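Notes for the structure review
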2 protein chains.
Amino acid sequence: MSSKLLRITLNSNQPDILVQFYAILGFVFVKRNVDKGSSTWVGTLPNMEIEIFGIRETFTHTSPSVQLSFEVQDVSQVVQKVKTLGTQIMMEPLETKSGLMSYLVDPDGRSIELLQPSQNLL
Amino acid sequence: MSSKLLRITLNSNQPDILVQFYAILGFVFVKRNVDKGSSTWVGTLPNMEIEIFGIRETFTHTSPSVQLSFEVQDVSQVVQKVKTLGTQIMMEPLETKSGLMSYLVDPDGRSIELLQPSQNLL
């Protein structure tokens, strides 16, 4: 099954500092306001996107330090397969405006976002 | 300054399970034996590479959960700039067979590898 990495999200309780750091590495950031009074900064490089997400707390199981987002061909099939590894599913596949989405936790606690676009572009 | 993400390394004390998980997401893995009796698995997707590195301990400051590797045009300039943020430099720029390399810790403790290839391909 072909997949591609769409985005890396770094959750941080010091997002301003983190944005400065990753800007030095070459990312160009745009700030967006999101729900709950929080902010997110989306940075791009020629071949990828990074998102820095402001959180209030330190890292916990529900706010892991990193989230990797993947575009996959069949979200439901991936979710079914990872369940056999005992993977925790934070959100079962759900139809959204962007497509079919699901959130998982990898075996070490990193957050994984899966997206199957409405028009499958793979 | 243009940069590109080369690789994401996931350090794990349960690498076998992690490899199974990311293989389901579409990565094709090749196992390599590395120093100190440890193993590493390198997985590829069409647009990126992921590495799963077996460690014995749980995550610490010296073995963070994630390492992001970037190819940059000028490692020394990046290192000089991030020092103004108080960034911890784990390894100052060093000439290696692959090119000029350096290891940093991002403001939240994630590991960052910088590489300036001998022949600059950017």
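Up top you'll find the structure we're talking about.
Quick look at the structure, then. Everything numeric in this text was worked out from a predicted model, so none of it was measured. (Residues numbered from 1 in each chain as written. Chains lettered and ligands numbered in written order. Predicted model: local features only at pLDDT ≥ 70, side-chain atom pairs only at ≥ 80, totals over all residues. Heavy atoms only, no water.)

A few words now on the packing of aromatic side chains. Overall, the coordinates contain eight aromatic pairs over all chains when judged by the stated rule. Pairing A:Phe21 with A:Tyr22 gives two aromatic rings, centres 5.0 Å apart and planes at 75 degrees, and the pair type is edge-to-face. Residue class for A:Tyr22 comes out buried when judged on its relative accessible area of 0%. Measuring from ring centre to ring centre gives 6.3 Å for B:Tyr22 and B:Phe27, while their planes differ by 70 degrees; the resulting arrangement is edge-to-face. (Phe/Tyr/Trp six-rings, centres within 6.5 Å; stacked < 30°, edge-to-face > 60°. Buried < 20%, exposed > 50% of the residue type's maximum accessible area, 1.4 Å probe, protein only.)

Once that is clear, we can look at the nonpolar core. General note: in soluble globular proteins, nonpolar side chains tend to be found buried as a group. Core analysis: the biggest nonpolar cluster contains 56 residues, and A:Tyr22, A:Phe70, B:Tyr22 and B:Phe70 have the highest contact counts within it. Not counting the four nearest positions on each side in its chain, A:Phe70 is found in contact with A:Lys4, A:Leu5, A:Leu6, A:Ile112, A:Glu113, A:Leu114, A:Leu115, B:Tyr22, B:Leu25, B:Phe27 and B:Leu45. (Core = buried A, V, L, I, M, F, W, Y, C linked by side-chain atoms within 4.5 Å. Contact = heavy atoms within 4.5 Å.)

Now for the relation of the copies chain B and chain A. You can overlay chain B on chain A at an RMSD of 0.0 Å; the transform is a turn of 180 degrees with a shift of 0.0 Å along its axis. Look at the turn and shift together and you get a two-fold axis relating the two. (Least-squares fit on C-alpha atoms with pLDDT ≥ 70 in both.)

Each partner contributes residues to the interface: chain B has 41 residues there, and chain A has 41 residues. Across the interface of chain B and chain A, roughly 3400 Å² is buried in total on both sides, 69% from carbon and sulfur atoms. The largest per-residue losses of area from chain B upon contact with chain A belong to B:Phe21, B:Ile24 and B:Leu25, which jointly make up 19% of the total buried on that side. Our enumeration of links across chain B and chain A arrives at zero salt bridges. At the junction of chain B with chain A, the criterion picks out 10 residue pairs in polar contact (both at pLDDT 80 or more). Elements with a contribution of two residues or more to the side of chain B that touches chain A: strand S1 (3-12), helix H1 (15-24), strand S5 (66-72), helix H2 (75-83), strand S7 (99-105) and strand S8 (111-117) of chain B. With seven residues, S1(B) is the single largest residue contributor to the side of chain B that touches chain A. Of the residues that constitute the side of chain B that touches chain A, the class distribution is 27 nonpolar, nine polar and five charged. (Buried area = accessible area lost by both parts, 1.4 Å probe. Salt bridge = Lys/Arg side-chain N within 4 Å of Asp/Glu carboxyl O. Polar contact = N/O pair within 3.5 Å; in protein donor to acceptor, adjacent residues only side chain to side chain. Helix = DSSP H or I, 4+ residues; strand = E, 2+ residues; numbered from the N terminus. Nonpolar A, V, L, I, M, F, W, Y, C, P; charged D, E, K, R; others polar.)

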